[in-house]
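Reading the structure
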Amino acid sequence: MSQDVRMFCYCSHVIDDEVYEEDKCPRCYGKNYYFDIHFDNNGQAVLSENTLKLQQELLKITLEEKGDNPFFEEWGNEVRKRIVGSKNTVLIKTRIEMLVKDCLEYLKSVQMGNQNYYQNMDNEEIIATIESINVIPTSQVGYDVQVVVTSQAGENIAFEFSIEL
């Protein structure tokens, strides 16, 4: 089993005892998750593993810009770099789907390579198939991207992220 520092946290939409509507939450901005590293009582970072680790890897690769990590230049999503400022058309939706699929296929190949070399991952942590990628226009240059993948353990994992071009 591989482990990683848990960076993504589910949002309760409660801040300082005030309850916010999901889409007006100042912590997650309607995404239902936010970035934060948590520490346990011993001061150690809380780790993610199994399905939670796969969810985190999926979010990390789709939210990070390709080329921004100097140690892993192929890591990330290049949607914003490849289609900057394009207006909402069927062709753009298809290109977004293709670019998201490419970055998820890259993650899958990295996982398989690491598993073959280190053999330290559980089936819950590895992508088996990309079931669907649904791109929904939200404005002239904004999109919500809904993705469903299946892990090698047979679990369906759904996540969503937003893109502004």
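Fair warning: this is a prediction, and the values are worked out from it, not measured in the lab.

**Some points on the side chain of Lys53**
Within the element layout of this structure, Lys53 appears in helix 1 (residues 50–63). Under the relative-accessibility criterion, Lys53 is labelled buried at 8%. Apart from the residues within four sequence positions on either side, Lys53 is in contact with Ser2, Gln3, Asp4, Ser48 and Glu125.

**Topic: the pairing of strand 8 (residues 142–151)**
Of all 10 residues in strand 8, seven are buried, a share of seventy percent or more. The pairing of strand 7 (residues 127–137) with strand 8 spans nine bridges and is classified as antiparallel. Residue pairing across strands places Ile136 opposite Asp144, the latter belonging to strand 8. From the end of strand 7 to the start of strand 8, which pair antiparallel, there are four residues. Bridge count between strand 8 and strand 9 (residues 156–164): nine bridges; the pairing is antiparallel. Within strand 9, the residue paired with Val149 across the bridge is Ile157. Counted along the chain from strand 8 to the antiparallel partner strand 9, the turn is four residues long, and its residue Gly154 has a positive phi close to 90 degrees.

**Digging into the packing of aromatic side chains**
Tallied over the full model, the rule gives five aromatic pairs. Judged by centre distance (6.3 Å) and plane angle (85 degrees), the ring pair of Tyr33 and Phe35 falls under edge-to-face. Residue classification places Tyr33 among the buried positions, given a relative accessible area of 8%. Their ring planes at 90 degrees and their centres at 4.7 Å tell us that Tyr117 and Tyr118 sit as a pair that is edge-to-face.

The rules we used
- Residues numbered from 1 in each chain as written.
- Predicted model: local features only at pLDDT ≥ 70, side-chain atom pairs only at ≥ 80, totals over all residues.
- Heavy atoms only, no water.
- Helix = DSSP H or I, 4+ residues; strand = E, 2+ residues; numbered from the N terminus.
- Buried < 20%, exposed > 50% of the residue type's maximum accessible area, 1.4 Å probe, protein only.
- Contact = heavy atoms within 4.5 Å.
- Pairing = 2+ DSSP bridges.
- Phe/Tyr/Trp six-rings, centres within 6.5 Å; stacked < 30°, edge-to-face > 60°.

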